[in-house]
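Results of the structural survey
What follows is each chain in one-letter form.
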Amino acid sequence: PAMTGQRLGVVIVEDHAVVGQAFAALLADEPDLALLGLATSVEGALDLVADRRPDVAVLDYRLNDGTGLDAAREIADRWPCTQTVLVSALKGPDLVSAALEAGCRSFVPKDADAEDLLRAVRAAGRAESYLSGEVRALLEQAPTASAAAFGLTRREREVLQLSADGRTVEEIA
């Protein structure tokens, strides 16, 4: 992260131009944050992070060529000094858990207050997590040893549950 007294470098990855521009305008008003660029895809996010080496990448969940989780995992592997924050219109215990498991420092619902996004970005810049009360409540609904934690797909979890229920191979298929 940037040293104290310097501005945190932030990139925004959002495929809806109006939303990306709104995030950019929000950051522009903050003296301790510097917008380093905007991208609209996972590929664009990786190129931007490689080029600008931001402290924080704010990632939309749904992107044209994948998800913000895909980008977060890749960023964590290739540029561990860049912290990630996932932003999504979708919200639920599984998505919050998946975001944290992918290495995101925070999950911010798109219907949250703008201050929540700023708190999340600043916390990520300090390599800390920020979860609003609403997001913590969602996380508490997530099963503690969720199948998602083991990298299983929805179908794999379904097959596992059917198997545990004593179904035959034919019934499961």
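Reading the values: the criteria
Along every chain, residues carry numbers that run from 1 in the direction the sequence is written. Predicted model: local features are reported for residues with pLDDT of at least 70 only, side-chain atom pairs are reported and counted for 80 or more only, and whole-chain, interface and lining totals are derived from all residues. Heavy atoms throughout the structure, all of them, feed into the side-chain values; hydrogens and water do not. Note on geometry: axes are C-alpha line fits, over the in-contact stretch for helices, and angles between N-to-C directions span 0 to 180 degrees. Here a strand is any run of E in DSSP of at least two residues, a helix any run of H or I of at least four, and the numbering for each starts at the N terminus. The labels follow the angle: roughly parallel below 35 degrees, roughly antiparallel above 145, roughly perpendicular from 65 to 115, and oblique for the rest. Two helices cross in a left-handed way if the nearer one is turned anticlockwise from the farther one by less than a right angle. They cross in a right-handed way if the turn is clockwise. What makes two residues a contact is simply this: any of their non-hydrogen atoms within 4.5 Å. Accessible area is worked out with a 1.4 Å probe on protein chains only. A residue is then buried under 20% of its type maximum, exposed over 50%, and partly exposed in between. In the analysis that follows, any N or O atom pair within 3.5 Å is treated as a polar contact, provided that within protein one partner can donate a hydrogen and the other can accept it, and provided that, for residues neighboring in sequence, both atoms belong to side chains.

1. Focus: the packing of helix α1 (residues 17-28) against helix α5 (residues 114-125)
Packing of α1 against α5 leaves a shortest axis separation of 11 Å and a crossing angle of 70°. For the element pair α1 / α5, the angle class is roughly perpendicular. Note that α1 runs across α5; the crossing there is right-handed. Counting all contacts with α1, which are made through F23, L26 and L27, the residues of α5 involved are A114, L117 and L118.

2. Some remarks on the environment of G103
Structurally, the position occupied by G103 is in the loop between α4 (93-101) and β7 (106-109). For the pair formed by G103 and L69, sequence separation is 34 residues and the distance between their alpha carbons is 8.5 Å.

3. What to know about the side chain of E14
With respect to the secondary-structure elements, E14 resides in the loop between β1 (8-13) and α1. With relative accessibility at 4%, the residue E14 sits in the buried group. At 3.0 Å, the side chain of E14 and the backbone nitrogen of H16 are in polar contact. In this structure E14 touches V19, G20, F23, A39, T40, D60, L63 and K110, once residues within four positions along its chain are discounted.

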